[in-house]
Amino acid sequence: MQRITSMSSSTLTRSLFHRTSSRFPTTTTVKRHLNTEKPLYFSVSQSFTKEPVVTPKDQITAKHLSADRKGSELIDKLGASNKAGSTVITINGSSSSSSSFISPVSAAAAAEANSPRNKVFTVRPITSWIDKLAQQHGSPTSTSAAGNADPNKKYSKRDLVLKTMQDSYTEIILPFATDKALLEEYINFGGTVRHGKIMEDLDALAGAISYKHCDDGKFESSPLTIVTASVDRIDFLKPFGVSDLRLSGHVTYVGYSSMEVFMKMEEINKNKPGGHGDTILVARFTMVARDALTGKAAQVNPLLLQNDAEKKLFQMGEDHKARKRLAADAALTKRPPTQDERFLIHDLYLEYSKYDNPQLKAKKPDDVEWMADTKMSAIQIMQPQDRNIHDKIFGGYLMRLAYELAFCNASVFIKYRPTFLALDEISFRKPVPIGTFLQLDSQIVFAEGGDHHSFQVMVKADVLDVRRGTRETTNHFWFTFTDPLRNEGNTGYVTPKVMPRTYAESMLYLEGKRRRMEGAKLAQLNRKNLGL
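Residues numbered from 1 in each chain as written. Predicted model: local features only at pLDDT ≥ 70, side-chain atom pairs only at ≥ 80, totals over all residues. Heavy atoms only, no water.

A.B. asks: Would you mind going over helix H7 (residues 339–356) in detail, with residue names and values included?
C.D. replies: An ideal rise of 1.5 Å per residue puts 26 Å on 18 residues; H7 measures up with 26 Å between its terminal C-alpha atoms. Those residues of H7 that sit buried are Glu-341, Ile-345, Leu-348, Glu-351, Tyr-352 and Tyr-355. Take H7 and look down its axis: the buried residues cluster within an arc of 130 degrees, on one side only. (Helix = DSSP H or I, 4+ residues; strand = E, 2+ residues; numbered from the N terminus. Expected span 1.5 Å × (residues − 1). Buried < 20%, exposed > 50% of the residue type's maximum accessible area, 1.4 Å probe, protein only. Arc of directions from axis to C-beta.)

A.B. asks: Account for the layout of surface pockets, naming residues and giving values.
C.D. replies: In this model, the second largest pocket occupies a volume close to 1,400 Å³. In terms of lining, the second largest pocket is formed by 42 residues, of which the most central are Lys-324, Ala-327, Ala-328, Glu-425 and Arg-515. When residues of the lining of the second largest pocket are traced back to their parent elements, those giving at least two are strand S8 (224–236), strand S10 (258–268), strand S11 (276–291), helix H6 (308–329), strand S16 (426–427), strand S19 (470–482) and helix H10 (503–530). Among the elements that make up the lining of the second largest pocket, the one with the highest residue count is H10 (10 residues). Residues of the lining of the second largest pocket, tallied by class, amount to 16 nonpolar, 10 polar and 16 charged. (1 Å grid on protein atoms, 1.4 Å probe; cavity = no way out; pocket = protein on both sides within 12 Å on 5 of 7 lines; lining within 4 Å. Points joined across faces, edges and corners; volume = space filled by probe spheres on them. Nonpolar A, V, L, I, M, F, W, Y, C, P; charged D, E, K, R; others polar.)

A.B. asks: Can you lay out the pairing of strand S18 (residues 454–465) for me, pointing to particular residues and giving the numbers?
C.D. replies: If a strand is regular, its side chains alternate between the two faces of the sheet. Across the 12 residues of S18, 10 count as buried, placing the element largely inside the fold. The pairing of strand S17 (residues 437–446) with S18 spans 9 bridges and is antiparallel. Counted as the bridge partner of Asp-441 is Lys-460 from S18. In this structure, S18 lies alongside S19, joined through 12 bridges in antiparallel fashion. Bridge pairing in S19 links Lys-460 to His-476. Between S18 and S19, which pair antiparallel in sequence order, lie 4 residues; one of them, Gly-469, sits at a positive phi of approximately 70 degrees. (Pairing = 2+ DSSP bridges.)

A.B. asks: Would you mind going over the pattern of salt bridges in detail, with residue names and values included?
C.D. replies: If charged atoms from side chains of opposite charge come close, those side chains can pair. Counted by the stated rule, this structure contains 25 salt bridges. Residue Lys-324 pairs with Asp-232 through a salt bridge whose shortest N-O separation is 3.0 Å. Pair noted here: Lys-324 is in helix H6 and Asp-232 is in strand S8, with a separation of 92 residues, a long-range link. Taking relative accessible area as the criterion, Lys-324 reaches 23% and is therefore assigned partly exposed. For Asp-232, a relative accessible area of 10% puts it in the buried group. With its nearest N and O atoms 2.7 Å apart, the salt bridge here joins Arg-514 to Glu-341. Highlighted residues: Arg-514 in helix H10 and Glu-341 in helix H7, separated in sequence by 173 residues. According to the relative accessible area criterion, Arg-514 is partly exposed, its value standing at 21%. Shared partners join several salt bridges into a network, and the residues in it are Arg-233, Asp-235, Asp-424, Glu-511 and Arg-515. (Salt bridge = Lys/Arg side-chain N within 4 Å of Asp/Glu carboxyl O.)

Here's what the structure looks like:
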């Protein structure tokens, strides 16, 4: 269960997401149990906090019980038994054990949706997977609809509403220092917060912010499907331990159907105005809106820029869009390497040839690793617990899987736990269906070694369809890590260098180098423009 505080309509101050009230609102600190059954909910009606209501067991409606009976019928039909799989759900400190129990998420969604003053946005499904299966099997008691649009319902035309940046502002409080139950879901074995879990939260927050911006205030408007088109960048600015954190963000740029969402995570310091402590990370996501019925691009609400600070943020969004377009045009898949890059490839060739030539008898140094020897793979079954509202695998979950594999690979590469610096631009080419196998292949693609202690790890995600015998690439993830041993100035220690020995590996090396160099410039520019 969580509570969200929305921002009032006053102007943004020097602190990008500074609240208008100088008093830190303790009412926003709530428990957040982020499992796959609990989506993020954001109320958009007025500037007040409303806590989702959990329906106790004795108040479950006949409709809910009918859905549960339908689920039990389907389980029996599929030849399984639900007697051994009873679910224990804690509500207000009490436990209820039942094999047919409506989840608190569904109850909260129903309570919020029935309120005349509120709309509920969620990037997680609010209907159970068993309902979805019952619908596919033609159960007459099925109540769930496919996606978020009813093809039999008549919708009205969506109105375009002039929105401000503050209108989409949303924040989540993660009280790790005071809520041990919440911390338990995020903590890693070293006692710090898992970065992959934060990435999941960022993707969910970006989706909710986008739905909030696109809302026209009418329940009968034609529904939209909003998806993550790309994660433009995530920069971790400083290490962080166990403390109360705030995730916040809003829309900073809009095109016709696209939106750029800027988010940041900061420590909560009650001794500072508004409780705003040090900024830990900044992130930019590009979201795209589609008509849920036709699948065509849907125009999003325009932005009203109220001051110079907002105009600067909007201009940054335009610059990012232009930079991505130029990078796409100059991609190595479209154009040959530059002259300097060709010289670099030749230098690499001359170096690795010495180690490959038995006549030269040149031994490869211990701090040089062949790129082909830095591979690491994992295969995951895509389960319905990790789906989004469109019944595809949640993008944030894919980021977490890719990050954790990249972290393992980086650890093996430097023989120590690396420090994560950034996630470079990734594009979600295709959705990942439920029930497929996802193969993740990781590789160290760029590491100069020597005085350079940062390096690039690429993770490729392929969907395997065992029935059709197909394999499709859905994503490429690019992570930047740094070697903490090198930063600590250990005498005699050198960060390893990765060495390509084929043309294809050389192209990966160049791609990693490009991303590392451009990423460093972009991170520095963002810090300067945002005053961080």
